[in-house]
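Descriptive structure summary
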Amino acid sequence: MHDLLLTNATLATMAAGEPYGLVENAALAVKDGRIAYAGPMAELPGGASSQTEDLGGALITPGLIDCHTHLVYAGERASEFEARLLGRSYEEIARAGGGILSTVRATRAASEDQLVEAALPRLDALIAEGLTTIEIKSGYGLTLEDEMKMLRAARRLAKERPVRVMTTLLAAHALPPEFNSADDYITYVCDEIMPAIHGENLADAVDGFCEGVGFSSSQIERVFEKATALGLRVKLHAEQLSDLGGAALAAKYGALSADHLEYLKPEDAPALAKAGTVAVLLPGAFYFLRETMLPPVEALRGAGVPMALATDCNPGTSPMTSLLLAMNMGCTLFRLTPEEALAGVTRIAAQALGLDDAGTLAPGKRADLAIWRARHPAELAYGIGGNPLVQRVFAEGRQP
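Since the structure is predicted, the reported quantities are computational estimates derived from the model, not experimental observations.

We now examine the pairing of strand 14 (residues 369–372). Neither face of strand 14 is exposed, since Leu369 and Ile371 on one face and Ala370 and Trp372 on the opposite face are all buried. The sheet contact formed by strand 5 (residues 59–62) and strand 14 spans four bridges and is antiparallel. Its bridge partner lying in strand 14, Thr61 is registered against Ala370. Bridge count between strand 14 and strand 15 (residues 390–394): four bridges; the pairing is antiparallel. Bridging across to strand 15, Trp372 finds its partner in Val390.

Right, here's the structure in full:
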């Protein structure tokens with residue numbers, strides 16, 4: 001007895017091999033929150049279902065996964081957006097006390113309840129476009145108490161909405177104003193913040209910002225060494241504004257992902273491939289900062305580096321809550337194919353989070369599904385703005 005049987009559908013299973021893993025005249029069955037069958041209707045095993053629906057040929061994809069966000073924060077930074085348009089650079093604003101530290105001040109002043117309330121509309125916008133899994137980073141607290149507050153708020157979102165939330169500790173995001181030395185702050189992160197966060201089981205991974213306005217590769221390596229000792233996987237903001245060797249460091253530590261990568265040297269791509277590290281491309285930040293250096297997509301593709309896409313939702317450099325727009329930007333700005341874009345928010349995004357139970361439509365996987373008013377999956381990366389496509393979203397086989 002299946003809990004749910006969807007018939008007369010087109011499946012984009014996103015299994016490697018055939019384009020999109022496309023199956024027409026297909027059916028998908030769900031049992032106990034998992035996919036029991038996904039394939040041709042003609043091969044559907046016999047058996048009853050408590051709920052059966054004819055989809056009239058509609059498209060089913062895996063639920064979308066946003067594998068890089070800063071969704072939990074307080075405040076906004078529209079004035080900085082205006083300042084950049086008037087000629088000031090991101091780095092100039094950051095060094096003058098704006099940038100990340102502006103959001104730190106607002107986030108520290110907010111309660112956990114206020115952070116949850118502020119994040120829910122952003123999360124709802126993503127769910128409305130087919131999201132079922134999201135990664136949320138801390139990094140706007142920069143004290144143990146405030147980093148915990150952010151991560152607890154992120155975890156609460158999974159109780160407020162039918163989504164899976166993966167949390168990432170990004171304490172090594174910026175130098176807080178109460179510290180004069182970056183090395184001293186990294187010591188605090190490694191000796192105080194990381195063990196406490198790990199002890200409370202609040203983080204699934206650890207991230208850092210390897211950049212001139214962030215931290216050096218040697219300082220980030222100290223964070224990675226501590227994370228490894230604690231048994232936590234690592235990720236890294238690397239080569240966004242300059243090349244400090246962050247991607248090579250990520251590969252050295254077998255990072256789940258190296259993110260941004262606009263300034264990655266093409267010759268560094270094979271190391272990421274060898275390490276199995278996903279390149280997470282963030283076209284929203286590229287667009288919003290009016291960046292001109294493109295990530296070396298051809299080199300990544302040629303080296304066999306898996307490429308994910310994400311919104312990078314944050315108040316300063318990518319105030320975007322649309323994975324469909326991220327897909328379109330990935331195609332138009334970075335020259336990904338529509339198939340690469342969809343894989344980048346399903347199968348490869350799952351890999352970037354270390355998940356093996358999501359991202360494709362296959363028996364045994366979570367029944368995280370999106371049903372679309374589309375006949376072909378290329379339509380998902382085609383539109384610019386608006387969301388006329390998604391019909392319904394299922395999280396573990398249940399509708400919100």
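Turning our attention to the environment of Glu91. Within the element layout of this structure, Glu91 appears in helix 2 (residues 90–95). With a relative accessible area of 33%, Glu91 lands in the partly exposed category. On a C-alpha basis, the gap between Glu91 and Gly212 in space is 8.5 Å, while along the polypeptide they are 121 residues apart. When neighbours within four sequence positions are excluded, Glu91 is seen to be in contact with Val213 and Leu241.

What follows concerns the sheet that holds strand 6 (residues 64–66). Taking strand neighbours across the sheet as the criterion, the eight strands line up as 6-7-8-9-10-11-12-13 in an open arrangement whose pairing is parallel. Edge strands, defined here as strands with exactly one partner in the open sheet, are strand 6 and strand 13 (307–309). Pairwise comparison of adjacent strand axes, ignoring direction, gives a mean angle of 25° for this sheet. As paired elements, strand 11 (residues 257–260) and strand 12 (residues 278–281) share three bridges and run parallel to each other.

On to the pairing of strand 9 (residues 205–210). Counted residue by residue, strand 9 has six buried out of six residues, so it is predominantly covered. Burial of the side chains of strand 9 extends over both faces: Ala205, Asp207 and Phe209 are buried on one face and Val206, Gly208 and Cys210 on the other. Summarising the sheet, strand 8 (residues 164–172) and strand 9 pair through three bridges and their orientation is parallel. In the strand pairing of strand 9, Leu169 is matched with Val206. For the segment spanning strand 8, helix 6 (residues 182–199) and strand 9, crossover handedness is right-handed. Two elements, strand 9 and strand 10 (residues 233–238), share four bridges in a ladder whose sense is parallel. Paired with Phe209 across the bridge in strand 10 is His237. Note on the crossover from strand 9 through helix 7 (residues 217–230) to strand 10: the handedness is right-handed.

Here the structure, examined in full by the defined rule, presents eight aromatic pairs. Here Tyr73 and Tyr140 contribute two aromatic rings whose centre-to-centre distance is 6.4 Å and whose plane-to-plane angle is 80°, an arrangement assigned as edge-to-face. Residue Tyr73 is found in the loop between strand 6 and helix 1 (78–85), and its partner Tyr140 is found in the loop between strand 7 (131–137) and helix 5 (144–160); the two are separated by 67 residues along the sequence. Residue Tyr73 is classed as buried on the basis of its relative accessible area of 7%. The buried category is assigned to Tyr140, whose relative accessible area is 2%. These aromatic residues form a ring-pair network of at least three members: Phe179, Tyr185, Tyr188 and Phe215. Over the face of the ring belonging to Tyr73 we find Arg122, whose NZ or CZ atom lies 3.7 Å from the ring centre.

Now for the UniProt feature "binding site: Fe(3+)" (unreviewed entry) in the chain. Feature annotation in UniProt places "binding site: Fe(3+)" (unreviewed entry) on His68, His70, His237 and Asp312, given in this structure's numbering. These annotated residues cover 245 residues of sequence, and their C-alpha atoms all fall within 12.3 Å of one another, placing them together at a single site. Setting aside its immediate chain neighbours within four residues, His70 contacts Lys137, Ser138, Tyr140, Leu170, His173, His237, Asp312, Cys313 and Asn314. A distance of 3.2 Å separates the side chain of His70 from the side chain of His68, its partner in a polar contact. For His237, the position within the fold is in strand 10.

Definitions and limits used
Residues numbered from 1 in each chain as written. Predicted model: local features only at pLDDT ≥ 70, side-chain atom pairs only at ≥ 80, totals over all residues. Heavy atoms only, no water. Buried < 20%, exposed > 50% of the residue type's maximum accessible area, 1.4 Å probe, protein only. Helix = DSSP H or I, 4+ residues; strand = E, 2+ residues; numbered from the N terminus. Pairing = 2+ DSSP bridges. Contact = heavy atoms within 4.5 Å. Axes fitted to C-alpha atoms, helices over the stretch in contact; angles between N-to-C directions. Right-handed = clockwise from strand over helix to strand, strands pointing away. Phe/Tyr/Trp six-rings, centres within 6.5 Å; stacked < 30°, edge-to-face > 60°. Lys NZ or Arg CZ within 6 Å of the ring centre and 35° of its normal. UniProt positions renumbered as here; feature names shortened; annotations may be inferred. Polar contact = N/O pair within 3.5 Å; in protein donor to acceptor, adjacent residues only side chain to side chain.

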